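Each chain, letter by letter, is given below.
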Amino acid sequence: MTSVLAVKLNKWLIVFVGTGDGQLLKLIVDDNLQAHCLTVIWKAVDKHPVFPEMHLDPVDRKHVLVAVKNQLTRVPVSQCGQHSSSLGTCWSAHDPYCGWCDSKKRCSFEDECSASLWLSVPDDLSQRRMLSHSFQEDEDGKINLVVHTHVTTGESGPPANFSCRFISSVGELEGLQHQYPQCTCLLPAVIGQHVISSIHYVFYFCGYFLQHFMTVGFLFSCSQCLAAGCGWSHDACTWTHMGTLNEPTEYSRNQSAAPASYSEMAEGGQPRLLDKKGKTSSLPEIFNITPSALSLYGKNNVLLTGRNLDHVTRVRIQGDMDCSPKEASVLSNTGHSLMLHIPAGDKGRVQVCLLMPDGRCHGNASITYHSVPICTSIVPNSSWASGKRKMEIKVSSNVEFVEEVTHSHTDQKVAFNKSSGTLRYDSLAVEQSQGSFSSLVTLRVANHTLACPTAIHYLPEPKFTTFTSTRTTKDHLLLTIQKMADELQMAPGDLQVQVIQEDKELPCTMERWKGQSSSTDIITCTIQTSSDAKITKVTIMYGDKINILKSPKHFVWLLLLLIPIVIVVAVVCIYIYKKNRLTAQMNKRMEDLELDIRNDIRQGFVDMQTENSDLMENVGAIPFLDYKHFAAKIFFPEGGSLMTSCIQDIGQDAQKAMHDNDCCSALAQLLQEPLFLTSMVHALEEQKTFTIQNKCTVASILTVALHRNLGYLTQVMEELLQAAIEQPNNAQHKLVLRRTQSIVEKVLTNWMSVCLYGFLRESVGQQLFFLVNALTQQTAKGPVDSVTGKALYTLSEVWLLWQAQDFTPVKLQVMFAVGSDGEFSEPLEVAALSCDTVDQVKDKILAVFRAKFGFAYNIPLRDIRLELEKGKGVFVALEEVDQSSEVIGEVTMLNTLKHYQVPDEAVVKVLSTGCHPPLTSQTSLKDDKDFSVKYFHLIDPDVCEDQTKKPERKFKLKEVHLTKLLSTKVAIHSYVVDLFRGIWGVASGRAPPAIKHFFDFLDAQAASMKITDPDVLHIWKTNSLPLRFWVNILKNPQFVFDMEKTPHLDNCLNVIAQAFMDSFSLSDTKLDKNSPTNKLLYAKDIPQFKQEVKAYYKCIRDQPPISTSDFKDFLLEESKKHENEFNEAAALRELYKFIHQYFTAIEQKLEHNSAPAGLKEQLQHVKSLFDGLKTCSWE
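Residues numbered from 1 in each chain as written. Predicted model: local features only at pLDDT ≥ 70, side-chain atom pairs only at ≥ 80, totals over all residues. Heavy atoms only, no water.

Asks: How should I be thinking about the overall build of the chain in this particular structure?
Replies: Within the chain one finds 24 helices and 57 strands. For the chain, with 1179 residues in total, the buried portion stands at 44%. Pairs at least 24 residues apart make up 64% of the contacts formed inside the chain by residues separated by at least 6 positions. Accessible area of the chain: about 61700 Å², with a carbon and sulfur share of 53%. (Helix = DSSP H or I, 4+ residues; strand = E, 2+ residues; numbered from the N terminus. Buried < 20%, exposed > 50% of the residue type's maximum accessible area, 1.4 Å probe, protein only. Contact = heavy atoms within 4.5 Å. Areas by Shrake-Rupley, 256 points an atom, 1.4 Å probe, with all protein chains shown as cover.)

Structure (structure tokens):
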């Protein structure tokens, strides 16, 4: 025993025992510590012991995890399905894991039988029968028959319709009573010498019945008396043991089974047998069993020798752990020997005895079951087709149990020898026409076959080509044999070599075997001879094949030697020529590359030193969005129908407002109750189905609904913020307000936007627009890829167009069509680049038009077409793609000014497609969803092409163009500084009222929580103002201005926004050459910005506090400014959708917060109004 695992199951104790020979045993013990027989539930195929630790599978607790060497197995604790033939079979297994499932009519685990009766074995292992009976005599001398059922019913409880019925030869029995688990009836009075001739009783369990017959008559013997359920005393059958449960004994069964012609006698103290002729004979004895050791699979044709074996009918095999013995039939019987087949068994020694016709078992011998032999390898694993190669099968142990070796390709028997764990035999031959194939090898043990893990590969015969001989010593010659390489992996022991020298046959002793190349193998052997005579013939023998090699002619050898030499010389000459040519080409390319890199670096240096801020600040009127659209984009950044409904005019919804005015008024009045509003917010945030998107939506709806009363909104916001800061899960105070994950955090964002709109428009808006305009102009100074949006002048390394080729500036004289009579305006000078596409030229023309005249051109870009003047009165249409476009593979290059060979000062006409039909019809290419796949501009597609055909496309390095990032930064730096200082600058020493009030609120919260760390307050203020408001404005100028934000502009603004937030950071980041370029760009400016931020926070802290009345006046003034900007009724309707969805949770939260009854009634009133509104809408 190597390991033990005990499992408690109800009143049972199930013990699993691992053994040293690789078996798992199962022992069942009842509540009285009475054990059932030990059974083997799993055994390993080898002798490796079970590891010390075993565990029950924690998932289903129906498997034991057993580990042996190199193996982990899940062994089922029971095989209930093997006992599913009947209820009796399932019960007889005596396994507490198993029971009869009435609904499925099979033996199963209890958890597999739901909502059904489940019958299992009783808790007492002493009960060996499912039904038993006893007789009891009452006070009146009447005899009662008591019948018991020995089953348990599991968690399903006792059966509801348990009943029984008795039928006897004298009719129905009286006094029938049935109560689970037993039934009772009254026996009739004694009639003569017979009590009852027969009784048939039946038990019913939910449609399944158990039945038993009992016959009682004149009692002749003790065994018959006991079988009838009576007691035996003083050589007579009596009621002495009434009340006890009676079962037929083993003795009575054996006696009843014995034939009448045999009986057991006692004679002289020695047991004898009486045969049919009345003669006595001695008991049988066992001398020897051959073999006495066998595998787990048993053994056929086992010879048992002994004496007095004439009357032996069967042989019984009984192990120490077997509950029921195994029996083997006798195949032949000579009186002194038996031939029989031993069945499979479990590891270990078992006892063998001889069964006689009377059921007795005589004799005593033993046999031992051992592990099954395992085929581990076959050496070698290949054979030539003619066979007879020496093969060895390695067997782990018990090689003597192997009875036969077979190949899958033939039925031919294999003759083999056994010795020390190895089977040796000669491989079988196959037909040459079969070619190469694999043959599986199996070992037969008893009636089982075991497959070897390695197959034998049959390959063509080996081919020996030539030989040479060399004198090594005075008395020895070295013979070298060449053989064509193959996969046979032949060894020196596979060959025998003999040579013919001077008509003498000499043996050649094998020395070594080595591969010379991938196509040739070399075999060497030594010949003992002093003669220098020529070897004329070599005989090579392998298996039963003989190969003969004869000495080759000398001129053939010479020819064979000259051919490789000529080939080698020619190859070397060609190699040297191509090498020199390639070296010259590579040197030329390296020189060109070095020159290009030098020019790029010098140009980058020149750009940095000569960069001047020539960006235009005269951009005309700044296109500010009005407050309504600004706030709507802040509140609902994703747009959609909700934003549209909240900003539309109330007059557009007048019809609907008439119907739901009462509903919205009631809900608006309810929202003015702080207890309800805070309870509603807390109830919604506690719901798992209430997503972050829902939280942001509710926060924006509340902002719109309470926009008329900013003072009340501020009060509720501060109350919710105070609760959020004081939450136990906010132990990490530095993380407060860092993200928008709650309703109040989104409300804070909206509140800041409402209160700072005036400051944004009057102070910071102009600097922000100048910065955006400067970025746009700086980007337009260099190439921009029309497909990917990457640009040469940018702030983002990801969007850097380092693949751009050479370009030149081009000035265009642009004339606009005036009216429909063919008249044109005065020329307008527009700066473009030779690498610009037609659409990019259109963009630049419209930008210059707007900057010069202060308003946009009245025709959209997609309806504009350009025509280039090629000669006097001759114009050519400029299009993105036409028949002259360059095509590489399946990708088309967009046409540029260079493609059309547009000269400097060229005249271009701007026409409208509506008034002037185009020369060719072409819609916008960007409408194609595969635009980026079908077309390219400045970045060459990933298509192989001959670079010599395009010498202008030069090799580029990304790192060389990183200076363009710095050039762009220098060009716009003044605008960035002006914007930053406009944000954290304090005009006349006073910050906007909203900022001062909210920072004082945060100071008060820190004081109340006794937070003295100044870093915490700094982080709170940074998270609430710069991170929550200003970064959003910096990244999204389209929220403030009527403009479109391109992907490239978005990435540049992200770099500036990152620098802005780094200015508020308290940590100092160490930068090196591996740091991101967006961090390195402003690395020298950040320390100065940090000092200004600290001064900004200190100035606000030192500023005198704003009185409550002054701040309320400020909020009231802001509310009145935008009193009718939003459709509050639409916002209230959207808010009620959430209230309706989580109505029960809100009610429970009000109850938890001890809300007054009037507030609950007001909520119910709002619900009834909205429910009535739905009914009216249906009507």
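Asks: Quick question: what am I supposed to make of the pattern of salt bridges here?
Replies: For the structure shown, the criterion picks out 39 salt bridges. Between lysine 105 and aspartate 102 there is a salt bridge, with its nearest N and O atoms 3.6 Å apart. Given a relative accessible area of 46%, lysine 105 falls into the partly exposed group. Among the salt bridges present, the one from arginine 106 reaches glutamate 112, with a minimum N-O distance of 4.0 Å. The exposure class assigned to arginine 106 is partly exposed, which follows from its relative accessible area of 31%. Through salt bridges with shared partners, a single ionic network connects Lys299, Glu403, Glu404, Lys413 and Arg444. (Salt bridge = Lys/Arg side-chain N within 4 Å of Asp/Glu carboxyl O.)

Asks: Help me understand the sheet that holds strand S2 (residues 12-18) in this model?
Replies: Strands pair in a sheet through their backbones, by hydrogen bonds, and they do so in one of two ways: parallel or antiparallel. Strand order in this open sheet of four strands is S1-S2-S3-S4, and the pairing throughout is antiparallel. The sheet is open, and its two borders are formed by strand S1 (3-9) and strand S4 (39-43), each paired with just one other strand. Averaged over all neighbouring strand pairs, the angle between strand axes comes to 20°, with direction disregarded. (Pairing = 2+ DSSP bridges. Axes fitted to C-alpha atoms, helices over the stretch in contact; angles between N-to-C directions.)

Asks: Quick question: what am I supposed to make of the state of the cysteines here?
Replies: Two cysteines, two sulfur atoms, one covalent bond between them: this is a disulfide. Enumeration according to the criterion identifies seven disulfides in this entry. Each sulfur of the disulfide joining cysteine 90 and cysteine 107 lies 2.1 Å from the other. Between cysteine 90 and cysteine 107, the S-S torsion sits near 60°, and that sign places the bridge as right-handed. Taken together, the residues span a long stretch of sequence, with cysteine 90 in helix H1 (residues 87-92) and cysteine 107 in strand S9 (residues 106-108) at a distance of 17 residues. Per residue, the accessibility class of cysteine 90 equals that of cysteine 107, and both read buried. Between the sulfur atoms of cysteine 353 and its disulfide mate cysteine 361 the distance is 1.8 Å. The disulfide joining cysteine 353 to cysteine 361 has a torsion of about 105° about its S-S bond and is therefore right-handed. (Disulfide = S-S within 2.5 Å.)

Asks: How should I be thinking about the confidence of the model for the chain in this particular structure?
Replies: Detail in the predicted coordinates should be disregarded across regions flagged by low pLDDT. Chain-level statistics for the chain give a pLDDT mean of 80 and a share of 83% at 70 or above. When the elements of the chain are averaged for pLDDT, helix H3 (residues 250-257) gives the smallest value, 35, and strand S6 (residues 63-68) the largest, 93. Here residues 191-198 scores under 50 on pLDDT; set against residues more than four positions off or in separate chains, the count is 16 contacts. When the criterion is pLDDT under 50, residues 205-221 qualifies, and its contacts beyond four places in sequence or with other chains add up to 57 contacts. (pLDDT = per-residue confidence, 0-100.)

Asks: Is there a simple way to think about the side chain of lysine 842 in this case?
Replies: Relative to the elements of secondary structure, lysine 842 occurs in helix H12 (residues 838-853). On the basis of relative accessibility, which here comes to 11%, the residue lysine 842 falls in the buried class. Among all residues touching lysine 842, those that are not within four sequence positions of it are Leu861, Ile864, Arg865 and Leu866.

Asks: Looking at this structure, how should I read the pairing of strand S41 (residues 456-459)?
Replies: Two faces make up the sheet, and in a regular strand the side chains alternate between them. Pairing analysis gives three bridges linking strand S33 (residues 382-384) to S41, with the strands arranged parallel. Note on S41: the bridge partner recorded for tryptophan 384 is leucine 459. Judged from the three bridges that link them, strand S38 (residues 437-439) and S41 form a sheet pairing that is antiparallel. Looking across to S41, one finds that serine 438 is bridged to histidine 457.

Asks: Would you mind going over the sheet that holds strand S54 (residues 887-888) with me for this structure?
Replies: With mixed pairing, the three strands of this open sheet are ordered in space as S54-S55-S57. The strands lining the two open edges of the sheet, one partner per strand, are S54 and strand S57 (935-936). Across two bridges, the pairing between strand S55 (residues 891-893) and S57 is parallel. By the bridge assignment for S57, methionine 893 is matched with phenylalanine 936.

Asks: What exactly am I supposed to notice about the nonpolar core here?
Replies: The tendency in soluble globular proteins is for nonpolar side chains to be buried as a group. Core analysis: the largest hydrophobic core is formed by 131 residues, its most contacted members being Phe676, Trp751, Phe998, Ile1056, Phe1060 and Ile1139. Ranked by residues supplied to this core, first place goes to helix H11 (residues 743-780) with 20 residues. Beyond its immediate sequence surroundings of up to four residues, isoleucine 1056 is in contact with Leu771, Leu775, Leu795, Ile972, Val976, Phe980 and Tyr1082. Membership of the second largest hydrophobic core comes to 32 residues, among which are Val66, Leu87, Trp100 and Leu117. (Core = buried A, V, L, I, M, F, W, Y, C linked by side-chain atoms within 4.5 Å.)

Asks: When you look at helix H16 (residues 1014-1024) in this model, what are you seeing that I'm missing?
Replies: Of all 11 residues in H16, nine are buried, a share of seventy percent or more. Residues Val1016, Leu1017, His1018, Ile1019, Trp1020, Lys1021, Thr1022, Asn1023 and Ser1024 constitute the buried set of H16.

Asks: How should I be thinking about the packing of aromatic side chains in this particular structure?
Replies: Here the structure, examined in full by the defined rule, presents 34 aromatic pairs. Relative to phenylalanine 109, the ring of tyrosine 97 lies with its centre 6.1 Å away and its plane at 65°, an arrangement referred to as edge-to-face. You can see tyrosine 97 sitting in the loop between H1 and strand S8 (99-101) and its partner phenylalanine 109 sitting in the loop between S9 and strand S10 (118-120), a full 12 residues away along the chain. Neither residue differs from the other here; tyrosine 97 and phenylalanine 109 are each classed as buried. Among the aromatic residues, ring-to-ring pairing joins Phe980, Trp984, Phe999, Phe1060, Phe1064, Phe1089, Tyr1096 and Tyr1097 into one connected group. (Phe/Tyr/Trp six-rings, centres within 6.5 Å; stacked < 30°, edge-to-face > 60°.)

Asks: Teacher, can you tell me more about the packing of helix H14 (residues 963-984) against helix H20 (residues 1086-1102) here?
Replies: When two helices pack together, their arrangement is given by the angle between their axes and by how far apart the axes lie. Taken N-terminus to C-terminus, the directions of H14 and H20 make an angle of 20°; their axes are 10 Å apart at the nearest point. Taken together, H14 and H20 sit at an angle that is classed as roughly parallel. Judged by the sense of rotation from one axis to the other, the crossing of H14 with H20 is right-handed. The segment H14 lies against H20, with Val977, Phe980, Arg981, Ile983 and Trp984 engaging Phe1089, Glu1092, Val1093 and Tyr1096. Looking at the contact of H14 with H20 residue by residue, the class counts come to seven nonpolar, no polar and two charged. (Parallel < 35°, antiparallel > 145°, perpendicular 65-115°, else oblique. Left-handed = near helix turned anticlockwise from the far one by under 90°. Nonpolar A, V, L, I, M, F, W, Y, C, P; charged D, E, K, R; others polar.)

Asks: Sorry if this is basic, but what is going on with a nonpolar patch on the surface here?
Replies: Among the surface-exposed residues, Leu558, Leu562, Ile565 and Val569 lie close enough to one another that they form a single nonpolar patch of about 370 Å² accessible area. Position of valine 569 relative to the elements: it lies in helix H4 (residues 554-610). Take valine 569: its relative accessible area is 47%, and that puts it in the partly exposed class. (Patch = residues over 30% accessible without salt bridge, like charges linked within 9 Å, V, L, I, M, F, W, Y side chains within 5 Å.)

Asks: Just checking my understanding: could you explain the environment of threonine 184 for this structure?
Replies: Among the structural elements, threonine 184 can be located in strand S16 (residues 182-186). On the accessibility criterion, threonine 184 (17% relative accessible area) is buried. For the pair threonine 184 and asparagine 144, spaced 40 residues apart in sequence, the C-alpha separation works out to 6.7 Å. Here threonine 184 is in contact with Asn144, Leu145, Val146, Gly175, Leu176 and Gln177, once residues within four sequence places are set aside.

Asks: Would you take a moment to explain unusual backbone geometry for this structure?
Replies: Leaving glycine out, the prevailing phi sign among residues is negative, and the prevailing peptide bond configuration is trans. Along the chain, threonine 290 connects to proline 291 via a cis peptide bond; the corresponding omega equals -5°. Along the chain, the position of proline 291 falls in the loop between strand S24 (285-290) and strand S25 (293-295). At the junction of valine 379 and proline 380, the peptide bond is cis and its omega measures out at -10° in the coordinates. In this structure, proline 380 sits in the loop between strand S32 (375-379) and S33.

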